[in-house]
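The residues making up each chain are set out below.
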Amino acid sequence: MNSKKKPTEPMKLIPGDYYINSNGLMVFTAQYHLRRGYCCNSGCKHCPYKDELKG
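As the structure is a prediction and not an experimental result, all values here were calculated from the model. (Residues numbered from 1 in each chain as written. Predicted model: local features only at pLDDT ≥ 70, side-chain atom pairs only at ≥ 80, totals over all residues. Heavy atoms only, no water.)

1. Some words on unusual backbone geometry
So the rule is basically this: A run of H or I in DSSP counts as a helix once it spans at least four residues, and a run of E counts as a strand once it spans at least two, with each numbered from the N terminus.
Although it is not a glycine, Asn 41 adopts a positive phi angle of roughly 60 degrees. Mapped onto the elements, Asn 41 comes out in the loop between α1 (30–36) and α2 (50–53).

2. Observations regarding the pattern of salt bridges
So the rule is basically this: Salt bridge criterion: a side-chain nitrogen from Lys or Arg within 4 Å of a carboxyl oxygen from Asp or Glu.
Across all of its chains, the model carries 1 salt bridge by this definition. Here Asp 17 and Arg 35 are joined by a salt bridge, their closest N and O atoms 2.6 Å apart. Of the two residues, Asp 17 sits in the segment before β1 (18–20) while Arg 35 sits in helix α1, which places them 18 residues apart along the sequence.

3. Re the packing of aromatic side chains
Rule in force here: Aromatic rings from Phe, Tyr and Trp, taking only the six-membered ring of Trp, are treated as a pair when their centres fall within 6.5 Å; an angle between ring planes under 30 degrees marks them as stacked, one over 60 as edge-to-face, and anything in between as tilted. Only protein chains enter the calculation, and the probe is 1.4 Å; a residue is then buried if its accessible area is under 20% of its type maximum, exposed if over 50%, and partly exposed in between.
In this structure the tally under the stated criterion is 1 aromatic pair. Ring centres of Phe 28 and Tyr 32 lie 4.1 Å apart, and the angle between their planes is 20 degrees; on these two criteria the pair is classed as stacked. Under the relative-accessibility criterion, Phe 28 is labelled partly exposed at 27%. Under the relative-accessibility criterion, Tyr 32 is labelled buried at 10%.

4. Let's talk about the side chain of Asp 17
For the record, the criterion: For this analysis, a polar contact is any N or O atom pair within 3.5 Å, provided that within protein one partner can donate a hydrogen and the other can accept it, and provided that sequence-adjacent residues contribute only side-chain to side-chain pairs. Residue contacts are counted whenever heavy atoms from the two residues lie within 4.5 Å of one another.
A relative accessible area of 0% places Asp 17 in the buried class. Among the polar contacts made by the side chain of Asp 17, one reaches the side chain of Arg 35 at a distance of 2.6 Å. Apart from residues no more than four positions distant in its own chain, Asp 17 is found in contact with Lys 12, Val 27, Phe 28, Thr 29, Gln 31, Tyr 32 and Arg 35.

5. Looking at a nonpolar patch on the surface
To be explicit about the condition: Patch members must show over 30% relative accessible area and no salt bridge, and they are joined within 9 Å when carrying like charges or within 5 Å when they are nonpolar side chains of Val, Leu, Ile, Met, Phe, Trp or Tyr. Note on areas: Shrake-Rupley with a 1.4 Å probe; residue coverage comes only from the protein chains shown.
A cluster of nonpolar side chains, namely Leu 13, Tyr 18, Ile 20 and Met 26, defines an oily patch on the protein surface of about 370 Å² accessible area. Inspection of the secondary structure puts Met 26 in strand β2 (residues 26–28).

6. Some thoughts on the confidence of the model for the protein
We apply this condition: Confidence of the predictor at the level of single residues is given by pLDDT, which spans 0 to 100.
The pLDDT averaged across the protein works out to 87; a share of 80% of its residues lies at or above 70. Taken element by element, the predicted model of the protein shows its lowest mean pLDDT in α2 (69) and its highest in β1 (98).

Structural data, given as structure tokens:
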């Protein structure tokens, strides 16, 4: 898992960072997670770091 420190301000969203699902909820894409650079350990649907969490 990447140990990059969390930023103090939220990242600016760009096209492709998220979509709105059928329940009206914002879902972050793998693109967003990779730009962020670390896993938040919240079980995000498109987390590219999932495999690293399994050990």
